[in-house]
Amino acid sequence: MNRAEILRMEREKALTNFKEDNVNRAKWLTALMDIDDEMEEMEKNQNSPFDQN
């Protein structure tokens, strides 16, 4: 399992918890933002012309 697959699974888990756990919504929103940031950074790195050897 690669990092992107793990992040997608974690994102789904965080989304479910965000919807169901009203007490800790800020925690799950922060987790979602962190996951999305990491996924975006991975996508940028894959498309970077400097990574092509």
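So, how was this worked out
- Residues numbered from 1 in each chain as written.
- Predicted model: local features only at pLDDT ≥ 70, side-chain atom pairs only at ≥ 80, totals over all residues.
- Heavy atoms only, no water.
- Helix = DSSP H or I, 4+ residues; strand = E, 2+ residues; numbered from the N terminus.
- Buried < 20%, exposed > 50% of the residue type's maximum accessible area, 1.4 Å probe, protein only.
- Areas by Shrake-Rupley, 256 points an atom, 1.4 Å probe, with all protein chains shown as cover.
- Lys, Arg positive; Asp, Glu negative; His and termini not counted.
- Charge placed at Lys NZ, Arg CZ, Asp CG, Glu CD.

Draft legend 1. The overall build of the chain, seen in detail. Regarding its fold elements, the chain presents two helices and zero strands. Dimensions of the chain, computed from the C-alpha atoms along their principal axes, are close to 50 × 20 × 10 Å. Taking all 53 residues of the chain together, 11% fall into the buried category. Summed over all atoms, the accessible surface of the chain reaches about 4500 Å², with 50% contributed by carbon and sulfur. When the 8 positive and 13 negative side-chain charges of the chain are each reduced to one mean point, those points stand 5 Å apart.

So far we have only geometry, and geometry alone does not tell us how the molecule works.
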